[in-house]
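Tertiary structure, described
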Amino acid sequence: MTEKRSRRYLTVWMIAAGLIGSLAAETGAQSFDFEKLRQRVSEYSVCVKIQVEFSFGTQTNEHEERLLGTIVSDDGLVVFDGGFLVEESPFVPTGGFSFRSTPRRITVITLDEREYAAEYLGVDRFTGFAFARITGADGKFSPVRFVKVSEFKVGSWLACFALLPEFVAPPLAADIGMISSFVTAPESFPLTVGFNSMEFASVLFDERLNAVGLLGALNDPARRDGQPGDLMESYDQMEIPLLGVITAERLDPLIADPPRRGQTARSWLGITMQSLTSDIADFLGLESPGGIVVNEVIPGSPAQASGLTVGDVIYGINGQRVDVDREEELSLFQRQVTNMGVGTSVELAVIRPAGDGLDTLSLLAVLTAAPLAASDAEDFEYEPFEFTVRDLVFSDFIGFNVEQNSLHGVVVAELKPGGLVAISGLYPGDVIQRINDRNVNSVEEFAEKMATVEAQRPSEVVFFVWRFGQTMFVNVRTDWP
Amino acid sequence: MDMRYFLSAMLLLSQPIGQAQTPPESYQERVYLARDRVLPALVHIQPVVEDFRTGEQKKLAIVGSGVIFHPDGYVVTNYHVAGKAKRIICTLSDREQLPADYIGGDPSTDIAVLKLRLDDYHGTIHVADLGDSDSVQVGQQVLAMGSPLSLARSVSAGVISTKDRYFSSDYRLPSGEKTGRYNLWIQTDAAINFGNSGGPLVDLDGRVIGINSRATFMANNLGFAIPINIVTEVTQEILADGQVTRSWIGVHAQALQELENHFGTDRNRGVLIASIDPGSPAAEAFLKAGDVILEIDSQPVSGRFVEELPAFYKNIARRPPGTRIGLKVLRGEEEYSFSLETRPLGQLQGDDFECARWGFTVRDITRQMQLTNQLRDSVGAYVTGVRRVGPADLGGLNSGDVVQAINREAVNNLPELIDRYNLLVDSAYDKVLLTVRRSGATRLVVLNLETTGTGQLND
């Protein structure tokens, strides 16, 4: 994924370099006071050094990135480009494997070379922006203040600063671009031209030197690759994200309540869905398109409790029309539900095909917490056996092609090549269902049972394992220290 | 008596007889003798096979080898050479070309039988002698014959490297069937390449002891042949019925070697059941993973090593479907008796069909397909491929989806899908609604035929 991203960077960089060159010749129209801007930016622009551990099954790599960050609150909340911090979507099939990136160490360096440690919080899936909070600062910071813009005008100029390589001084370089289009579908988004992906997450200013937002792209978190710009890509083969202004309206809620990895208050209904296109509306005998077709109702979910069934069409939520008639717009509905919060009651207006006719229903659902992504699931490293297990999540069941919650056990998330369980024949993605004939339902139980087993120091431990539809026994010949 | 001990005893007994029959010539002379006995029966096979993997029915011209084993012109080859053939041309050792008909095949052992059309052939049909693969020895000198990389009538020499090589039955043929469950393999260092598939592995008495089927790439001189005794059983059944019928009880075994302590079994006693197919006779009889089968119909069985597992599977499969078998089973510390009735294994895969106008291919769902693909039931038709930029691709259909309704009318199996397809293709329509199942969810897929032209594409 990071490879794809860096390829993107490269292509965009090359294209953007050409564009900037051609623009530079005729920029008489813009009038930025760059000296004043530089002073202002220096107050809250920082360099974020982040060490990340990437792991995928048996592979683990360390990696360091150096990125431009922006302080967005006086207690030291920093936002930066989190596109490379792969956080899996909870809704994308895993097949048992999970790619996880774990930020190990973040250092925030201000332009006057003060260094702070920072705690990693999480990535916002819709924008790809990562958040960290400076720890151990002695005073308050002067953060950027975003200004809400009532209307973005095509042709108006914007400026931003890019972070230059470490060996270059001064560290910031100015760049200009302009609003190229203001799109309203699938959702409202001011697009820009002239900027490049290297400047992702940098502050954008208008000519009055107001900070109007951050340079970014919009993702569809439900999509398979979940890359920045998935929701709006330019229509060529290179899949270049259309960069635009992530506005104050979008940023303020994130700054007030930054995403936290693995412990969000995201809520869900518990369905898989598709959009009610005009074609499907025709086939179902509905007068107009726009709605959510329910493809699957997850057992134990709010949807199931509300009485929603497969084939139902949700056309209204809390008295508001759900106007989703293209797949690209599904994420709007998802975001709406996601942001309502756990415990919220929602009234669903539903059309249910019944025989040749259609029934209209009103159903009440109380939202519960959305499932975790595989990379955020509870995990447990069992060092004597040189491997890590994690809880089963929603996306595992999709990946395994089995019905939700139809399996119990813990998933082998990582194992050391040549380690004890690896040589015993266990693979990443295996689901351990029993330890020595005793059922395991969660990582917590796994840890408890292994502690009991370890106390007896047996010469072998037998796991009963589910591997893509078949079961088997795996004997681990122990090697207690 | 222990089966392995019994087999080795047989080897010892048979060896002096074999040596007595061996003419005392030099190696070179014996190679010439073997060549002269088998090369005239060698067949170069050029099938045109159907392939549905890309979402459309494509024809592929491939090359394989075979050997004539019956004076009426029957040729044995690999299923992966001729199993999906629509047209077969054979070249005999006298370089005459003859068409051949596909008689039947068995993907589980990767064996197929063809019959040469001899009406216009004026030469002499030579039949190869078949040997006894149970009495071959490691280190025994052998010849491989066939058409490596399409180079017909090629002979290579080597020895038997191993006579009981085990491969997991998760290996799939190019057409998708799992193979190798009921046999071990003879491994040889006689050079085997693409195109050798289906050709004979021959001992120096000029008898066929195996059918060369697999080679290992990225390695030198690792070829694998299906033992001729297995081949003979399969070809006889194909000649009689056109197919091989097997019994199924739905158990998957695992070698006990590393688990004897855990299950408290004695050495060389019992076969461990590791997995049970849902809805199978074993599941209905309440057999469980972890049970150890000690006896089948009062005969002891053993599965200590993986090399013993094919014989166990065959032991069950060889019985006519509907046979009642008695199992003595060790569960925990107790022994229990189970009685269950076998059911036919059935086809590993169903028939293929191309919905050319809609841009995808489908396959009828057999029970074995349902099990290997973890489908909840066998209702519908399984999408094997989606043609790029066709109506189904644009509508969002994926390989692995199961089509369960067309225009909201249920489609229970492939014949029903074909009926609906033919009906709709002949009528004036521009949109079709498919209801598919994908990973436990139901999904609607609209095929918009207007935007992709109205021509009769491949129909």
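What you see is a predicted model, and the numbers here were worked out from it, not measured in a lab.

A separate point is the overall build of chain A. What chain A contains, in helices and strands, is nine helices and 27 strands. Expressed as a percentage of the 481 residues in chain A, the buried residues total 55%. The contacts of chain A with a sequence gap of at least 6 include a subset with a gap of at least 24, amounting to 63%.

A word on the overall build of chain B. Helix and strand content of chain B: ten helices and 29 strands. Computed over its C-alpha atoms, the radius of gyration of chain B comes to 25 Å, within 12% of the 23 Å expected for a compact globule of 459 residues. Overall, chain B is about 80 × 65 × 40 Å in size when its C-alpha atoms are taken along their principal axes. When each of the 459 residues of chain B is scored for burial, the buried share is 51%. The long-range share in chain B, meaning contacts at least 24 apart out of those at least 6 apart in sequence, stands at 62%. Separation of charge centres in chain B, based on 45 positive and 55 negative side chains, amounts to 4 Å.

Below, the discussion takes up the state of the cysteines. In this structure the tally under the stated criterion is zero disulfides over all chains. Among the cysteines around Cys160(A), which has no disulfide bond, Cys47(A) carries the closest sulfur, lying 16 Å off.

One can read the domain layout of chain A as domain 1 (1-261), domain 2 (267-369) and domain 3 (377-477). Computed over C-alpha atoms, the centres of domain 2 of chain A and domain 3 of chain A are 36 Å apart.

With that settled, the discussion passes to the packing of aromatic side chains. Within the structure shown, the criterion is met by 23 aromatic pairs over all chains. With a centroid separation of 6.1 Å and an interplanar angle of 70 degrees, the aromatic rings of Phe385(A) and Phe463(A) are classed as edge-to-face. Here the residue Phe385(A) occupies a position in the loop between strand 21 (379-382) and strand 22 (387-391), and Phe463(A) occupies one in strand 26 (residues 460-467), the gap between them amounting to 78 residues. Relative accessible area serves as the criterion here: at 0%, Phe463(A) is assigned to the buried category. Seen in terms of ring centroids, Phe473(A) and Phe263(B) are 4.9 Å apart; in terms of plane orientation they differ by 85 degrees. Their pairing is edge-to-face. Taken together, the positions of Phe473(A) in strand 27 (residues 470-477) and Phe263(B) in helix 5 (residues 260-263) put the pair across two chains. Both residues of the pair, Phe473(A) and Phe263(B), belong to the buried class.

On to the interface of chain B and chain A, then. Quoted interface sizes are often the accessible area lost when the parts come together. Facing the 34 residues of chain B at the interface are 33 residues of chain A. Carbon and sulfur atoms supply 47% of the area buried between chain B and chain A, which totals about 2,700 Å² over both sides. Interface area lost by chain B to chain A is led by His262(B), Gln374(B) and Ser439(B), which between them contribute 23%. In this assembly, chain B and chain A are joined by four salt bridges. Between Asp279(A) and Lys431(B) there is a salt bridge whose closest N-O contact spans 2.6 Å. In this structure, the connection of chain B to chain A is made through 15 residue pairs in polar contact (both at pLDDT 80 or more). Put simply, the parts of the chain that give the side of chain B that touches chain A at least two residues each are strand 16 (251-254), helix 5, strand 17 (271-276), strand 28 (431-438) and strand 29 (441-448) of chain B. With six residues, strand 29 of chain B is the single largest residue contributor to the side of chain B that touches chain A. Partitioning the side of chain B that touches chain A into residue classes produces 13 nonpolar, 15 polar and six charged.

The domain boundaries assigned to chain B delineate domain 1 (37-116), domain 2 (247-344) and domain 3 (352-458). Taking the mean C-alpha position of each, domain 1 of chain B and domain 2 of chain B sit 36 Å from one another.

We now examine the side chain of Glu260(B). Residue and element names in this part refer to chain B. On the secondary structure map, Glu-260 appears in helix 5. Within the structure, the side chain of Glu-260 is placed 2.6 Å from the side chain of Arg-304, a separation counted as a polar contact. Aside from chain neighbours lying at most four places away, what touches Glu-260 is Thr-265, Asp-266, Arg-267, Asn-268 and Arg-304.

Right, let's get into the environment of Asp396(A). The residue Asp396(A) is located in helix 7 (residues 394-400) in this model. Sequence-wise, Asp396(A) and Ala373(A) are 23 residues apart; in three dimensions their C-alpha atoms are separated by 9.2 Å.

What follows is about the sheet that holds strand 2 (residues 59-71) of chain A. Hydrogen bonds along the backbone pair up the strands of a sheet, which may run parallel or antiparallel. All names here are of chain A. Within the closed barrel, the six strands sit side by side as 1-2-3-6-5-4. Their pairing is antiparallel. Each strand of the sheet is rotated relative to its neighbour by a mean of 35 degrees, with strand direction disregarded. As paired strands, strand 2 and strand 3 (residues 77-81) are joined by three bridges and run antiparallel to one another. Among the inter-strand pairings, Ile-71 is bridged to a residue of strand 3, identified as Val-78. This element, helix 2 (residues 34-44), spans strand 1 (45-56) and strand 2 of the sheet and lies at about 45 degrees to strand 1.

Bringing the nonpolar core into the picture now. Among the nonpolar cores identified, the biggest contains 69 residues, and Ile50(A), Phe80(A), Leu85(A), Phe129(A) and Phe146(A) are the most heavily contacted of them. Sequence-distant contacts of Phe80(A), that is, excluding residues within four places in its chain, are made with Val48(A), Ile50(A), Leu67(A), Leu68(A), Gly69(A), Leu85(A), Gly128(A), Phe129(A), Ala130(A), Phe131(A), Ala132(A) and Ala201(A). Formed by 45 residues, the second largest nonpolar core is a distinct cluster that contains Ile45(B), Ala82(B), Val202(B) and Leu204(B).

Okay, empty space enclosed by the protein next. Residues and elements named next belong to chain A. Taken as a whole and judged by the stated rule, the model has three cavities of 30 Å³ or more. Of the pockets and cavities examined, the largest cavity occupies roughly 50 Å³. Taken together, Val-41, Tyr-44, Ser-45, Leu-68, Gly-69, Thr-70, Phe-161, Ser-202, Val-203 and Phe-205 make up the lining of the largest cavity. Looking at the lining of the largest cavity element by element, the count peaks at three residues for strand 2. Across the lining of the largest cavity, the residue classes tally to six nonpolar, four polar and no charged.

Residues and elements named next belong to chain B. For the structure shown, the criterion picks out 33 salt bridges over all chains. Of the charged contacts, one joins Arg-331 and Asp-291 as a salt bridge, the two residues approaching to 2.7 Å between their closest N and O atoms. You can see Arg-331 sitting in strand 20 (residues 324-331) and its partner Asp-291 sitting in the loop between helix 6 (281-284) and strand 18 (292-296), a full 40 residues away along the chain. Take Arg-331: its relative accessible area is 24%, and that puts it in the partly exposed class. A relative accessible area of 1% places Asp-291 in the buried class.

A few words now on unusual backbone geometry. Residue and element names in this part refer to chain A. Cis geometry is adopted by the peptide bond preceding Pro-170, which originates at Ala-169 and carries an omega value of -5 degrees. Even without being a glycine, Asn-318 presents a positive backbone phi close to 50 degrees. If you trace the backbone, Asn-318 turns up in the loop between strand 16 (313-317) and strand 17 (320-321). A relative accessible area of 41% means that Asn-318 is categorised as partly exposed. Despite not being glycine, Asn-401 shows a phi value in the positive range, around 60 degrees. Within the fold, Asn-401 resides in the loop between helix 7 and strand 23 (410-415).

How each quantity is defined
- The residue numbers shown here count from 1 along each chain, following its written sequence.
- Ligands are numbered from 1 and chains lettered from A, in the order in which they are written.
- A pLDDT threshold of at least 70 governs which residues receive local features in this predicted model, and a stricter bar of 80 or more applies before side-chain atom pairs are shown or counted, although totals over entire chains, interfaces and linings include all residues.
- Only hydrogens and water are removed before side-chain values are computed, so all heavy atoms of the structure are retained for them.
- Secondary structure elements are defined from DSSP: runs of H or I of at least 4 residues count as helices, runs of E of at least 2 residues count as strands, and each element is numbered from the N terminus.
- Residue burial is assigned from relative accessible area. The probe radius is 1.4 Å, only protein chains are included, and a residue is buried under 20% of its type maximum, exposed over 50%, and partly exposed in between.
- Two residues form a contact once any of their heavy atoms are found within 4.5 Å.
- For the radius of gyration, the atom set is restricted to C-alpha positions; the globular benchmark scales as 2.2 Å times the number of residues to the power 0.38.
- Positive residues here are Lys and Arg, negative ones are Asp and Glu, while His and the chain termini are left out of the count.
- Lysine's charge is taken at NZ, arginine's at CZ, aspartate's at CG and glutamate's at CD.
- Criterion for a disulfide: a pair of cysteine sulfur atoms at a distance within 2.5 Å.
- Note that the domain bounds were set by an automatic or database domain assignment.
- Only Phe, Tyr and Trp rings are paired, with Trp represented by its six-membered ring, and only when their centres lie within 6.5 Å; those with planes under 30 degrees apart are stacked, over 60 edge-to-face, the remainder tilted.
- What counts as buried area is the accessible surface, traced by a 1.4 Å probe, that two parts surrender upon association, with contributions from both included.
- What makes a salt bridge here is a side-chain nitrogen of Lys or Arg within 4 Å of a carboxyl oxygen of Asp or Glu, nothing more.
- A 3.5 Å cut-off defines polar contacts: any pair of N or O atoms within that distance qualifies, except that in protein one atom must be a possible hydrogen donor and the other a possible acceptor, and neighbouring residues in sequence count only when both atoms are side-chain atoms.
- Only Asp, Glu, Lys and Arg are considered charged in this grouping, and only Ala, Val, Leu, Ile, Met, Phe, Trp, Tyr, Cys and Pro are considered nonpolar; every other residue, Gly among them, is considered polar.
- Note on pairing: two strands pair once DSSP finds at least 2 bridges between them.
- In this analysis an axis means a line fitted to C-alpha atoms, helices contributing only their contacting stretch, and an angle means the value between N-to-C directions, from 0 to 180 degrees.
- By convention a nonpolar core is built from buried Ala, Val, Leu, Ile, Met, Phe, Trp, Tyr and Cys residues, the set being connected through side-chain atoms within 4.5 Å.
- Points on a 1 Å grid, built from protein atoms alone, make a cavity when a 1.4 Å probe fits but cannot get out and make a pocket when they are open with protein on both sides within 12 Å along at least 5 of 7 lines; residues with an atom within 4 Å of a point are the lining residues.
- Grid points are joined across faces, edges and corners, and a volume is the space filled by probe spheres set on the points.

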